[in-house]
Amino acid sequence: MSDFQAIADRVEIEALSGEFTDAEMMDDYDRFASLFTPDGVWRVPAVNAEFTGREEIRAGIKQLKEELWDYLVQ
């Protein structure tokens, strides 16, 4: 792997982290779920929750934000 590719990969990973946080904070559940692969898993150990696949992840973040959390600090 070239040094340029390693730098580009790091930039993309950092951008993904920012998108994750922004989508969650803006209650953009579709965008939040789209950041995962179709078979991705989102684990939330603090509430013993695990969501698999984009549809389940979308429903999970919506449920947690509407029913459990008053706010979420990243």
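Residues numbered from 1 in each chain as written. Predicted model: local features only at pLDDT ≥ 70, side-chain atom pairs only at ≥ 80, totals over all residues. Heavy atoms only, no water.

Asks: When you look at the nonpolar core in this model, what are you seeing that I'm missing?
Replies: Soluble globular proteins tend to pack their nonpolar side chains together in the buried interior. If you look at the biggest cluster of nonpolar residues, it comprises 13 residues, and the most contacted ones within it are Phe 32, Trp 42, Val 44, Phe 51, Ile 57, Ile 61 and Leu 64. At the level of secondary structure, the elements contributing two or more residues to this core comprise α2 (29–34), β1 (41–44), β2 (49–52) and α3 (54–68). If we skip the residues at most four places from it in the chain, Phe 32 touches Phe 20, Ala 23, Glu 24, Trp 42, Ile 57 and Ile 61. (Core = buried A, V, L, I, M, F, W, Y, C linked by side-chain atoms within 4.5 Å. Buried < 20%, exposed > 50% of the residue type's maximum accessible area, 1.4 Å probe, protein only. Helix = DSSP H or I, 4+ residues; strand = E, 2+ residues; numbered from the N terminus. Contact = heavy atoms within 4.5 Å.)

Asks: Which parts of the structure should I look at to understand α3?
Replies: Because the α-helix completes a turn every 3.6 residues, residues three or four places apart line up on one side. With 15 residues, α3 should reach 21 Å at 1.5 Å per residue; the first-to-last C-alpha distance of 20 Å fits that figure. Among all positions in α3, only Ile 57, Gly 60, Ile 61, Leu 64 and Lys 65 are buried. Along α3, the residues classed as buried sweep out an arc of 115 degrees about the axis, all on the same side. In α3, the exposed positions that point more than 90 degrees away from the buried face belong to Glu 55 and Glu 67. Against α1 (3–25), α2, β1 and β2 lie the buried residues of α3. (Expected span 1.5 Å × (residues − 1). Arc of directions from axis to C-beta.)

Asks: Before we go on, may I ask you to explain the pattern of salt bridges in this structure?
Replies: Pairing is possible between side chains of opposite charge, provided their charged atoms come close. All told, the structure shown has eight salt bridges when counted by the stated rule. Between Glu 24 and Lys 65 there is a salt bridge, with its nearest N and O atoms 3.1 Å apart. With a gap of 41 residues between them, Glu 24 in helix α1 and Lys 65 in helix α3 connect regions that are remote in the sequence. For Asp 27, the salt bridge identified is with Lys 65, shortest N-O distance 2.5 Å. (Salt bridge = Lys/Arg side-chain N within 4 Å of Asp/Glu carboxyl O.)

Asks: Just to check I follow, could you spell out the environment of Gly 53 for this structure?
Replies: Of note, Gly 53 is situated in the loop between β2 and α3. Classification of Gly 53 by relative accessible area gives buried; the value is 10%. Once residues lying within four places of it in the same chain are set aside, the contact partners of Gly 53 are Pro 38, Asp 39 and Gly 40.

Asks: Which parts of the structure should I look at to understand the side chain of Lys 65?
Replies: Exposure remark for Lys 65: the relative accessible area of 18% places this residue in the buried category. Apart from residues lying up to four places away in sequence, Lys 65 is in contact with Glu 24, Met 25, Asp 27 and Tyr 29.

Asks: Looking at this model, I keep getting lost on the environment of Thr 52. Mind explaining?
Replies: Looking at the element boundaries, Thr 52 is found in strand β2. Between the C-alpha atom of Thr 52 and that of Pro 38, which follows or precedes it by 14 residues, the distance is 8.6 Å.

Asks: Help me out: how do you make sense of the pairing of β1 in this one?
Replies: The side chains of a regular strand alternate between the sheet's two faces. Taking every second residue as pointing to the same face, the buried face of β1 carries Trp 42 and Val 44, while none of Val 41 and Arg 43 on the other face is buried. Here β1 runs beside β2; their pairing, made up of four bridges, is antiparallel. The residue of β2 that forms the bridge with Val 41 is Thr 52. Counting the residues in the hairpin turn of β1 and β2 gives four residues, including Asn 48, whose phi is positive at 50 degrees. (Pairing = 2+ DSSP bridges.)

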